[in-house]
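Understanding the architecture of this molecule
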Amino acid sequence: MTTSKIHSVVCIQSRVLAVFYTPGKCWQFRIISPDGTVVGDYPIYYSAEAAAKAGRDSIYQRR
């Protein structure tokens, strides 16, 4: 069984940013757009804060 940990789920500019941890992939993020599309980079981050910053930066760049 894979153990995942959700660090945060926040709404920014009508998008949902989810930051989570999985044992094999470290910290990652996904963005859910208003139409339900899920997007996000697949690189790994070594802290939740780094993943959250990358997610926020991604949202602000796609305005």
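Residues numbered from 1 in each chain as written. Predicted model: local features only at pLDDT ≥ 70, side-chain atom pairs only at ≥ 80, totals over all residues. Heavy atoms only, no water.

1. Structural notes on the overall build of the protein chain
Here is the rule: Only DSSP runs of H or I covering at least 4 residues are called helices, and only runs of E covering at least 2 are called strands; the numbering of each starts at the N terminus. As a reference, a globule follows 2.2 Å times the number of residues to the power 0.38, and the radius of gyration itself is taken over C-alpha atoms. Burial here depends on accessible area, computed with a 1.4 Å probe over protein chains only, as a share of the maximum for the residue type. Under 20% is buried, over 50% is exposed, and the range in between is partly exposed.
A tally of helices and strands in the protein chain yields one helix and four strands. Along the protein chain, helices (α) and strands (β) appear in the sequence β-β-β-β-α when read from the amino end. The C-alpha atoms of the protein chain give a radius of gyration of 11 Å, which matches the 11 Å a tight globule of 63 residues would have. A principal-axis box enclosing the C-alpha atoms of the protein chain has dimensions of 35 × 20 × 15 Å. Buried positions account for 37% of the 63 residues belonging to the protein chain.

2. Description of the pairing of strand E3 (residues 26-32)
Formally: Two strands are counted as paired when DSSP detects at least two bridges linking them.
Counting buried residues in E3 gives six out of seven residues, a clear majority hidden from the surface. Relative to E3, strand E2 (residues 15-22) is paired through seven bridges, and the arrangement is antiparallel. If you follow Phe 20 over to E3, its bridge partner there is Gln 28. Between E2 and E3, which pair antiparallel in sequence order, lie three residues. In terms of strand pairing, E3 meets strand E4 (residues 38-39) through two bridges, oriented antiparallel. Bridge pairing in E4 links Ile 31 to Val 39. The antiparallel pairing of E3 with E4 creates a hairpin that spans five residues between the two strands, and Gly 36 there sits at a positive phi of about 95°.

3. Section: the pairing of strand E1 (residues 5-12)
Note that E1 and E2 share seven bridges and pair antiparallel. Following the sheet pairing, Val 10 is matched in E2 by Leu 17. What sits between the antiparallel neighbours E1 and E2 is a turn of two residues, in which Gln 13 has the positive phi angle 50°.

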